[in-house]
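# Descriptive analysis of the structure
Each chain, letter by letter, is given below.
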Amino acid sequence: MLKGGASRLFCALSNNHLIFYKRPTQSTIHIINIFNQNRKFAPMKQNLFVYNTLTRKKEEFKPLNPPLVGMYVCGPTVYSDVHLGNCRTYISFDLIFRYLTHLGYKVRYVRNITDAGHLEGDLDEGEDKISKKAKLAQLEPMEIAQKYTIGFHDVMNILNVLPPSIEPTATGHIIEQIELVKRILAKGYAYEVNGSVYFDVEKYNSTHDYGILNGRNLDDLLANTRTLGGQQEKHGKLDFALWIKAKPEHLMKWPSPWGVGFPGWHLECSAMSNKYLGEHFDIHGGGIDLMPTHHTNEIAQNIACCETIPATYWVHTNMLTVNGQKMSKSLGNSFLPVELFTGKNSILNKAYSPMTVRFFMLQAHYRSTLDFSNDAMEASEKGFKRLMNAYALINDLKVSATSDVEINALLNRCYEAMNDDFNSPVLIAELFEASRIINSVYDNKLKIDAENLQLLKQLMQYFVIDILGLKDEKAADDDLPQLLNFIVNLRSQAKTNQDYATSDKIRDGLQKIGFQLKDTKEGTNWTKI
């Protein structure tokens, strides 16, 4: 920890990258207390609607066992640094988790860690990603998994993403996966060949709709699937591995009834969601890239085994682009979160803080494509500062006997936005209106009474802090306001002594480091720029 002036600068080591950030005055993990005895309103009775990929329409959210909600989100494969696409997905589901909690639901949020079984190709081809990285680095596979799991958690913490309720690993649930394979075999939807077990897609499709999630029929899928070399033991081109026989040189392998091997990638999510949420639960989520194959195969596995689709609502986040192009290493436009925070990338003009990045991602609806560009990031930075500056002023607003504003209507519009499929961009637009009101009241252009001020404070706390998960990164230790007030008093004394050179020097110096002074009849106030 480095100390400088009144603020403390903390340093996090994430996979050999140093990330410096100021410690917030609040805890990184916000505890969302929806039963605050002092609150002046209850959440709207308006129903929440969620877009369901399965039905391709918005549907009213009706949990299976309210107030309990089960949500499973596919987590990262920990063989490399977490990328921005992952960050966008987990920030989006953090928003959903926070809002459901705010509404009073008791959410069990399960997000797995894939530390085995994910091959280089999604169609059972190539090496295991973690084993391959371990060989190249001459490390044990679990060293690779541990290193990148820690790095993933570091980035999630910096972006103020709340941890899930349960974070299971694939290697910690080998027994459950083997038992699932046994059940699918017993139902007749899988077959064993030379120590490997495959799911029979065509047999399954004869009685069920294999393409129910991706909206494609089997003939189209077969026509667009290439035959892979070395997979002649499969009965059909779309068949996928439930259990894979391990070659002698394979590093991660376990004994099974079919020989030594390892589980297929799709299997772990079915096994872990069944264990922690049951055979049928409320929400299954992930990136849109998982929908055509991974989630399609999860549904087939679960129906074949348990005779029920695993989740009622399937929620998918959209892709990231950079200046209108898909983000990829081959195009040279890919960069890691740490490179965005430090500015060490060739795409953007400067570094952007973690909360600016979070705010930028929340300014787009989770189902919309999100495009990184210098202009977009700079606009988000200004918007984030504008919102947080208003939030910092709210406790300084003066109460009047009458009010020029009606906060309840604004509050209702905030709930309407979130109840419309977690529409964060519309919510942010309403919060900018709240910021305008705060600034106008602060400047004595509008009046606000005690009741509306209390509602306004609660609105900003709930939606800015608890639900959007934003925090003031410039907030330092608790003694910073006292220090600034001391400096402001020194300037006032200089003005009283007609030492205007010193007075101006103090004002200009504070402005350079991000604080603006405003002289009023009642005295001098300071705000963050």
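Structural notes, computed from the coordinates.

Cut-off values and rules
- Residues numbered from 1 in each chain as written.
- Predicted model: local features only at pLDDT ≥ 70, side-chain atom pairs only at ≥ 80, totals over all residues.
- Heavy atoms only, no water.
- Helix = DSSP H or I, 4+ residues; strand = E, 2+ residues; numbered from the N terminus.
- Buried < 20%, exposed > 50% of the residue type's maximum accessible area, 1.4 Å probe, protein only.
- Contact = heavy atoms within 4.5 Å.
- Areas by Shrake-Rupley, 256 points an atom, 1.4 Å probe, with all protein chains shown as cover.
- Polar contact = N/O pair within 3.5 Å; in protein donor to acceptor, adjacent residues only side chain to side chain.
- Pairing = 2+ DSSP bridges.
- Expected span 1.5 Å × (residues − 1).
- Axes fitted to C-alpha atoms, helices over the stretch in contact; angles between N-to-C directions.
- Salt bridge = Lys/Arg side-chain N within 4 Å of Asp/Glu carboxyl O.
- Parallel < 35°, antiparallel > 145°, perpendicular 65-115°, else oblique.
- Left-handed = near helix turned anticlockwise from the far one by under 90°.
- Nonpolar A, V, L, I, M, F, W, Y, C, P; charged D, E, K, R; others polar.

When you go through the protein chain residue by residue, the secondary structure sums to 16 helices and 20 strands. Burial statistics for the protein chain: of 529 residues in total, 52% are counted as buried. Partitioning the contacts of the protein chain with sequence separation of at least 6, the portion at a separation of at least 24 is 74%. Of the roughly 24000 Å² of accessible surface on the protein chain, a fraction of 50% belongs to carbon and sulfur atoms.

Our focus in this paragraph is the side chain of T53. In this structure, T53 sits in the loop between β4 (49-52) and β5 (57-60). The class for T53 is buried, based on a relative accessible area of 12%. Side chain to side chain, T53 and H316 meet in a polar contact 2.8 Å long. Once you skip the residues sitting within four places of it in the chain, T53 turns out to touch L213, M291, W314, V315 and H316.

In this section: the environment of L251. In this fold, L251 is placed in the loop between β12 (240-245) and β13 (261-263). Classification of L251 by relative accessible area gives partly exposed; the value is 42%. For the pair L251 and I130, spaced 121 residues apart in sequence, the C-alpha to C-alpha distance is 9.4 Å. With residues up to four places along the chain from it excluded, the contact list for L251 reads S131, A134, K135 and P141.

Going residue by residue along strand β11 (residues 196-199), you find S196 and Y198 tucked away on one face and V197 and F199 tucked away on the opposite face as well. Following strand β10 (residues 190-193), the chain reverses through 2 residues before pairing antiparallel with β11; N194 in that reversal takes a positive phi of roughly 55 degrees. Here β11 runs beside β12; their pairing, made up of 3 bridges, is antiparallel. The residue of β12 that forms the bridge with Y198 is A241.

With 18 residues, helix α14 (residues 450-467) should cover 26 Å at 1.5 Å per step; its first-to-last C-alpha distance of 24 Å lies within 8% of that length. Burial of α14 is extensive: 13 of the 18 residues sit out of reach of the surface. Positive phi appears at G469, one or two residues downstream of α14, with a value of about 70 degrees.

Now for the side chain of T356. Here T356 shows up in helix α10 (residues 354-362). Under the relative-accessibility criterion, T356 is labelled buried at 2%. Within the structure, the side chain of T356 is placed 2.8 Å from the side chain of S353, a separation counted as a polar contact. When residues no more than four places from it in sequence are discounted, the contact partners of T356 are M377, S380, E381, F384 and E473.

Turning our attention to the sheet that holds strand β6 (residues 68-73). Pairing is parallel in the open sheet, where 4 strands are placed in the order β7-β6-β14-β15. Of all the strands in the sheet, just β7 (106-111) and β15 (311-317) have a single pairing partner and so form its edges. Strand-to-strand twist across the sheet, computed as the mean angle between neighbouring axes with direction ignored, equals 20 degrees. Note that β6 and β7 share 6 bridges and pair parallel. In the strand pairing of β7, V69 is matched with V107. Across the face of the sheet, helix α8 (residues 291-306) comes into contact with β14 (281-287) and β15 while running at roughly 155 degrees to β14.

Our focus in this paragraph is the sheet that holds strand β16 (residues 320-322). An order of β17-β16-β18 is seen for the 3 strands of this open sheet, with the pairing classed as mixed. Since the sheet does not close on itself, it has two edges, and those belong to β17 (325-326) and β18 (370-372), each with one partner. Summarising the sheet, β16 and β18 pair through 3 bridges and their orientation is parallel. When the bridges of β18 are listed, V322 appears paired with F372.

This next bit is on the pattern of salt bridges. Close approach of charged atoms lets side chains of opposite charge pair. Per the counting criterion, the structure on display carries 16 salt bridges. In this structure, R111 engages E167 in a salt bridge whose closest nitrogen and oxygen atoms are separated by 2.9 Å. Highlighted residues: R111 in strand β7 and E167 in the loop between α3 (141-158) and α4 (174-186), separated in sequence by 56 residues. According to the relative accessible area criterion, R111 is buried, its value standing at 2%. In this structure E167 comes out as partly exposed when scored by relative accessible area, which is 26%.

With that settled, the discussion passes to helix α2 (residues 129-137). Every buried residue of α2 is listed here: K129, I130, S131 and A134. Count one or two residues on from α2 and you reach Q138, which has phi positive near 55 degrees.

Burial of β12 is extensive: 5 of the 6 residues sit out of reach of the surface. Summarising the sheet, β12 and β13 pair through 3 bridges and their orientation is antiparallel. Bridging from a neighbouring strand, W243 pairs with P263 of β13.

Helices that pack against each other are described as a pair by the angle of their axes relative to one another and the distance between those axes. As a packed pair, helix α12 (residues 407-419) and helix α13 (residues 424-442) sit with axes 8 Å apart at the nearest point and diverge in direction by 160 degrees. The angle between the axes of α12 and α13 places the two elements in the roughly antiparallel class. Of the two possible hands of crossing, α12 and α13 adopt the one that is left-handed. Contacts between α12 and α13 involve I407, L410, R413, C414, A417 and M418 from the former and V426, L427, E430, L431, E433, A434 and I437 from the latter. Counted by class, the contact of α12 with α13 contains 10 nonpolar, no polar and 3 charged residues.

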